[in-house]
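# Working through the structure, step by step
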Amino acid sequence: MKTPKKVILFIILGLGIFVLMLTFLGYTNLGNLSPDQSQEYTFVNIGNENIRILQKGSGRDILFIHGSPGLIEDWNDVFDTLAQSYRVTAFDRLGHGYSSSNEYTYHIQDNAVLVEQLIAVLKLKNPLIVGHSYGGSTAAFMATHSELKDLKYIIIDSPLYRSRSSSIYKLVSTPIIGKGIALLSSFTIAKGRINDGLQSIFKSIHQEKIDELVKERQKIWSQPKVIYSKSKETVNYQDDLNLMSHKYKNITSDITIITGKDASSTLRTDCEKFHGEVKNSELILLDQTGHYIQIDKSQEVLAIIRRKMGFY
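Below is a short write-up of the structure.

Definitions and limits used
Residues numbered from 1 in each chain as written. Predicted model: local features only at pLDDT ≥ 70, side-chain atom pairs only at ≥ 80, totals over all residues. Heavy atoms only, no water. Core = buried A, V, L, I, M, F, W, Y, C linked by side-chain atoms within 4.5 Å. Buried < 20%, exposed > 50% of the residue type's maximum accessible area, 1.4 Å probe, protein only. Contact = heavy atoms within 4.5 Å. Pairing = 2+ DSSP bridges. Helix = DSSP H or I, 4+ residues; strand = E, 2+ residues; numbered from the N terminus. Axes fitted to C-alpha atoms, helices over the stretch in contact; angles between N-to-C directions. Phe/Tyr/Trp six-rings, centres within 6.5 Å; stacked < 30°, edge-to-face > 60°. Lys NZ or Arg CZ within 6 Å of the ring centre and 35° of its normal.

The next subject is the nonpolar core. Counting 47 residues, the largest nonpolar core has F91, V115, I129, Y153, Y248, I255 and F274 as its most contacted members. Sequence-distant contacts of Y153, that is, excluding residues within four places in its chain, are made with L128, I129, A139, M142, A143, L148, S253, D254, I255, T256 and K308. Counting 25 residues, the second largest nonpolar core, distinct from the first, contains I72, Y86, V130 and V301.

Taken together, the eight strands give an open sheet; going across it, the order is β1-β2-β4-β3-β5-β6-β7-β8, and neighbouring strands pair in mixed fashion. A strand with exactly one partner marks an edge of an open sheet, and here the two such strands are β1 (42-46) and β8 (281-286). Shown here is a sheet whose adjacent strand axes are inclined to one another by a mean of 20°, direction ignored. As paired elements, strand β3 (residues 61-65) and strand β4 (residues 87-91) share five bridges and run parallel to each other. Paired with I62 across the strands is V88, a residue of β4. Against the sheet, helix α4 (residues 134-143) contacts β3, β5 (128-132), β6 (152-156) and β7 (254-260), and its axis sits at roughly 135° relative to β5.

Let us now look at the packing of aromatic side chains. Under the counting rule described, the total for this entry stands at eight aromatic pairs. Ring geometry for Y106 and Y228: centres 5.6 Å apart, planes at 85°, overall edge-to-face. One end of the pair, Y106, is in the loop between β4 and α3 (108-121); the other, Y228, is in helix α9 (residues 224-245), with 122 residues separating them in the sequence. Here Y106 matches Y228 in class, with each residue buried. Here the aromatic rings of Y161 and Y248 are separated by 5.3 Å at their centres, their planes lie at 85°, and the arrangement is edge-to-face. Taken as a pair, Y161 in the loop between β6 and α5 (167-172) and Y248 in the loop between α9 and β7 lie far apart in primary sequence, 87 residues in all. No difference in accessibility class separates Y161 from Y248, as the two residues are buried. In this structure an aromatic cluster arises from ring pairing among F64, W75 and F79. Positioned over the ring face of Y41 is R52, at 4.3 Å from the centre of the ring. Stacked on the ring of Y161, the Lys or Arg K273 has its end atom at 4.3 Å from the ring centre.

Here it is in structure tokens:
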């Protein structure tokens, strides 16, 4: 019969082996998806990263930047319609969708640099930058740089001063073992959390469409690399905003900010404060919308983008 000390020793040893295996597997590609090569997407290699790109149409350029987590498909409700009149481009940010995250350090500045590189590689000419949530924070960072002041921006319901980070994100961001925890989460709690987070976030679309959106995002957002990227970005978010927000008063770019009238469902407070600091800005408040305004209020967003393009 085993003594209690031996039982405890075996339990500790077993847990240690489990943690080591999980940590090792976290640095593999296990659980991450391979893109469907039959789709109309392409990949652009920048540095050591492969970036999934969708580009349609011709004419003046529009570039979309999604949130965290997010993916190209966040722009489906406006993308094809705009492509009838403009050249429209969207991409999966590093660590999201089907893009890689080989050397990503999970800061807003990284995303701004990537956007500048994409503009150059794809030969986009003075694109209108449209960013949602984290993508809007990226756009705000870009607007603080004098060499980008001539671009026009639309920021859709973005954190611009404040961001919250829950304990789960801090846990997944733990050095060495974090990627293993992300892998474990992808097979356990991720899909449930995605469902819970999305089911109540929309205000104007029917339940059938919400269920479709949830199903699609459960598949892609539950990848270990996405869980890890989302966690690292969230943990770094407040420090990133602190470093950039004091520069807002110097922005001279033409910026339109879109948010919802219901501050409990949107980031209205941050958007209003930003509008107050940025002299050449316009604030648009929409009724009956949650955080995904480009989905909840796609027709209104389309009209705002068209009007903005008309000013070029």
